[in-house]
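If you want the building blocks of each chain, they are given just below.
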Amino acid sequence: MNKPGFISAKPLSALLGGVFADAYAKQGFASRELVTRWAEIAGTQVAQFSEPLKIQWPRPVDGQPQQAATLILRVEGPMALEIQHMSDIILEKVNRFFGWNAVGKLALRQAPLSRASISRKIKPIDPNAIARVAETLPEVEDEALKEALARLGAAIKRS
């Protein structure tokens, strides 16, 4: 009997990378990292209520230096005012991510975010479990540290 040849599975991201790259390029993004790593770049507080829509690059003028782009953010609800006040900080973080002053201005569009918000409820740790873990700890002089270690141990055991 003939054995089938070796079949290597390719990651889905490798197969669809070109498709997504084209879609992001149409929105002015050189790569998808600004969108996929938005929470990491802008911070969780900002990313919770906003997402990058596109980057608008001004048309180059002959003999003139390239001007900075405008990052258009979709912002949810009343958080738009807060994000507008934080625009300098957000621009600094985005430009730090790019490694150069690529973005010079933010434009906000108030609309619901396209992704579904995921809310995870964290159950409080059982005080009895914390007490059991605290009994197993060696002698720690700092009571606050001992309590924190006991909470951490109980949280790890519950996972």
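Right above here is the structure, for reference.
This text gives an overview of the structure that appears in the document. Just so it is clear, the model here is predicted, and its values are computed rather than measured.

Of all 7 residues in strand β2 (residues 69-75), 6 are buried, a share of seventy percent or more. As paired strands, strand β1 (residues 50-56) and β2 are joined by 6 bridges and run antiparallel to one another. The partner of Lys 54 across the bridge, within β2, is Ile 72. Of the strand pairs in this sheet, β2 and strand β3 (residues 103-110) are connected by 7 bridges, and their pairing is parallel. What sits directly across from Arg 74, in β3, is Arg 109.

Turning next to helix α8 (residues 143-158). For α8, spanning 16 residues, the distance from its first C-alpha to its last is 22 Å, which sits close to the expected 22 Å at 1.5 Å a residue. In this structure, the buried residues of α8 make contact with α7 (127-136). Capping the start of α8, Asp 142 holds a side-chain oxygen 3.3 Å from the backbone nitrogen of Ala 144, two or three residues further along.

So, how was this worked out
Residues numbered from 1 in each chain as written. Predicted model: local features only at pLDDT ≥ 70, side-chain atom pairs only at ≥ 80, totals over all residues. Heavy atoms only, no water. Buried < 20%, exposed > 50% of the residue type's maximum accessible area, 1.4 Å probe, protein only. Helix = DSSP H or I, 4+ residues; strand = E, 2+ residues; numbered from the N terminus. Pairing = 2+ DSSP bridges. Expected span 1.5 Å × (residues − 1). Contact = heavy atoms within 4.5 Å. Polar contact = N/O pair within 3.5 Å; in protein donor to acceptor, adjacent residues only side chain to side chain.

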